[in-house]
Amino acid sequence: MTMTLSLRIKKLCGSCHLMQLRKKSSVLKPQKQICKSVLEHFDEVYSKELGESWTRARDVMLSPSSWQYAVMLNRFSFSEGMEAYFQNQGLSDIFHGVQVPSSGWLKCYVSRTAHRYPAQRHRQGQLKDYYLLNAASLLPVLALEVEGGNHVLDMCAAPGGKSLAILQYAMPGNLVCNEPDCLRRKRLKEMLESFLPELCRSAVTLSNLDGREFGQLHPKVYDKVLVDAPCSNDRSWLFTSDIPQARHWIASRKELPVLQVELIRSGIAALRPGGILVYSTCTLSQSENSNVVDQILQSDCGVELQNLDKMAHAFSDIFTFSANTQYGLLVLPDRERAWGPMYVTRFKKRYPP
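Residues numbered from 1 in each chain as written. Predicted model: local features only at pLDDT ≥ 70, side-chain atom pairs only at ≥ 80, totals over all residues. Heavy atoms only, no water.

## Brief notes about the overall build of the protein chain
This is how it is decided: Secondary structure elements follow DSSP: runs of H or I of four or more residues count as helices, runs of E of two or more count as strands, with numbering from the N terminus. Exposure categories follow from relative accessible area, calculated using a 1.4 Å probe and restricted to protein chains: below 20% of the type maximum is buried, above 50% is exposed, and the middle band is partly exposed. Whether two residues are in contact is decided by their heavy atoms, any of which lying within 4.5 Å being enough. Note that accessible areas follow from Shrake-Rupley with a 1.4 Å probe, and for residues the cover is restricted to the protein chains shown.
Within the protein chain, the regular secondary structure consists of 14 helices and 12 strands. In the protein chain, which comprises 353 residues, the share counted as buried stands at 52%. Partitioning the intrachain contacts of the protein chain with sequence separation of at least 6 by distance along the chain shows that 77% fall at a separation of at least 24. In the structure as shown, the protein chain presents an accessible area of about 17,300 Å², 51% of it carried by carbon and sulfur atoms.

Here you go:
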């Protein structure tokens, strides 16, 4: 097959997919049902922690029809036609004109209005063109500032959006994607394979360790560590249909910070001196965000907190950041900025004296 014919076929396949995209993008999903017990719990906790900011965030979180979704393009199957399609639909690249240290290759398109494009199905022998995500979830990846050749650990990798974003940002020497749960790890593997060509897969290692074991088993190995920790996951629990499970979750929620601190300490031990660890969650919870960071700083784990004000300033036209966060950045869901919740903070490991 000649190169010209191959290109024509690729363009034709892309055109077919764009036609399907136009048809599917208008399909509406059934309205989600709010879990009353979780909402009452959130009202009690977040009204105290966030004040008036909770009122605005609450309105957005209770209205899935107002939620926004971002489209991250796949650098390994990049199509100018696909990018042009999203541009013609009125979407804009969140990195256009934004002064950040680097956004790598990352291309992420967002709409100012609530709209969700359909996720691509797996196509045998073809890589997917884009990945749908909450745009705020790219902030931990940007904070990590991965450089080519770095040894990187994504300690809590599933479902894999941030691992994929790391690979879009830069090509590390090795990226360890860790997920102890067998089923979630299988889905993580399938997701990565649907976006990465075979030549790039050798740079990715899947592991199944308890994240708390990395510091002991692999001390001082990694240049960058991402701890996108298990958390309250506010958006998900707000619409759970399992009432008994929701009540159990509310009762056991206070145990999460203990796990989160242990994961961070393990990540710090796995870092080389001078390395960067980014801690992130998708909850508004102060006990899982700033309070966890405070425990790390008070316990003298050999790290220093790094300032992320430049990042907040760079994305102030896209995200609404809380003004009352003691450490790091907290993205609050807001009207016409329905991103988050997303908390992110960054540590740097000190060199020994």
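## As for the pairing of strand β12 (residues 342-349)
Put simply, the rule is: DSSP bridges decide pairing: two strands pair if at least two such bridges lie between them.
The buried fraction of β12 amounts to 7 of the 8 residues, a majority that puts the element mostly inside the structure. When strand β9 (residues 271-281) meets β12, the two strands line up antiparallel, connected through 6 bridges. Residue pairing across strands places Thr281 opposite Tyr343, the latter belonging to β12. Of the strand pairs in this sheet, strand β10 (residues 303-306) and β12 are connected by 4 bridges, and their pairing is antiparallel. Counted as the bridge partner of Leu305 is Phe347 from β12.

## Examining helix α3 (residues 52-61)
Here is the rule: Regarding the arc, it is the one traced by the directions from the helix axis to the C-beta atoms.
Within the sequence span of α3, burial applies to Ser53, Trp54, Ala57, Val60 and Met61. The arc that holds every buried residue of α3, seen down its axis, measures 125°, which confines them to one face.

## Regarding unusual backbone geometry
Here the residue pair Ala158 and Pro159 is connected by a cis peptide bond, since its omega of 5° sits within 30 degrees of zero. One can find Pro159 in the loop between β5 (151-154) and α6 (161-169). For the peptide bond that leads from Gly340 to Pro341, omega is 0°, which places it in the cis range. Checked against the element boundaries, Pro341 lands in the loop between β11 (329-331) and β12. Phi is positive for Asp300, which is not a glycine, with a value near 50°. Mapped onto the elements, Asp300 comes out in the loop between α13 (290-298) and β10.

## Describing the packing of aromatic side chains
Counted only if it meets this: For this analysis, a ring pair means two rings from Phe, Tyr or Trp (six-membered ring only for Trp) whose centres lie within 6.5 Å, classed as stacked if their planes differ by under 30 degrees, edge-to-face if by over 60, and tilted for the remaining angles.
For the structure on display, the rule yields 17 aromatic pairs. Here Trp237 and Trp249 contribute two aromatic rings whose centre-to-centre distance is 5.0 Å and whose plane-to-plane angle is 15°, an arrangement assigned as stacked. You can see Trp237 sitting in helix α10 (residues 234-238) and its partner Trp249 sitting in helix α11 (residues 243-252), a full 12 residues away along the chain. Its relative accessible area of 18% is what places Trp237 among the buried residues. When its relative accessible area of 6% is taken as the criterion, Trp249 is described as buried. Seen from their ring centres, Tyr279 and Tyr343 are 6.3 Å apart, and the 70° between their planes marks the pair as edge-to-face. Taken as a pair, Tyr279 in strand β9 and Tyr343 in strand β12 lie far apart in primary sequence, 64 residues in all.

## Here we look at the packing of helix α2 (residues 36-50) against α3
Helix-helix packing: each pair is described by the crossing angle between the helix axes and the interaxial distance. Applicable threshold: Angles shown run from 0 to 180 degrees and are taken between the N-to-C directions of axes, each axis being a line fitted to C-alpha atoms and, for helices, limited to the stretch in contact. Note that the term roughly parallel is reserved for angles under 35 degrees, roughly antiparallel for angles over 145, roughly perpendicular for angles of 65 to 115, and oblique for everything else. Asp, Glu, Lys and Arg are counted as charged, while Ala, Val, Leu, Ile, Met, Phe, Trp, Tyr, Cys and Pro are counted as nonpolar; the rest, among them Gly, fall into the polar class.
For the pair α2 and α3, the least separation of the axes is 7 Å and the interaxial angle reads 140°. In terms of axis orientation, α2 runs oblique to α3. Mapping the contact onto sequence places Leu39, Phe42, Asp43, Tyr46, Ser47 and Leu50 in α2 and Glu52, Ser53, Trp54 and Arg58 in α3. Here the contact of α2 with α3 is composed, by residue class, of 5 nonpolar, 2 polar and 3 charged.

## As for the sheet that holds strand β2 (residues 92-93)
Taken in spatial order, the 4 strands make up an open sheet running β2-β3-β1-β4, and their pairing is antiparallel. The open sheet is flanked by β2 and β4 (130-133), the only strands paired with a single partner. Taken strand by strand, helix α4 (residues 80-88) contacts β1 (70-73), β3 (108-110) and β4, and its axis lies near 160° from that of β1. Most of the contacts of α6 go to β1, to which it runs at about 45°, and overall it touches β1 and β4.

## Examining the pattern of salt bridges
We count it as follows: When a carboxyl oxygen of Asp or Glu is within 4 Å of a side-chain nitrogen of Lys or Arg, the pair counts as a salt bridge.
If you walk through the whole model with that rule in mind, you get 15 salt bridges. As a salt-bridge pair, Arg272 and Asp223 come within 3.1 Å of each other at their nearest N and O atoms. Remark: Asp223 occurs in strand β8 (residues 222-228) and Arg272 occurs in strand β9; sequence separation between them is 49 residues. The buried category is assigned to Asp223, whose relative accessible area is 17%. In this structure, Glu288 engages Arg253 in a salt bridge whose closest nitrogen and oxygen atoms are separated by 3.5 Å. In this pair, Glu288 is assigned in the loop between β9 and α13 and Arg253 in the loop between α11 and α12 (256-270), connecting sequence segments 35 residues apart. Each member of the pair, Glu288 together with Arg253, is buried. The network of salt bridges with common partners includes Asp210, Arg212 and Glu262.

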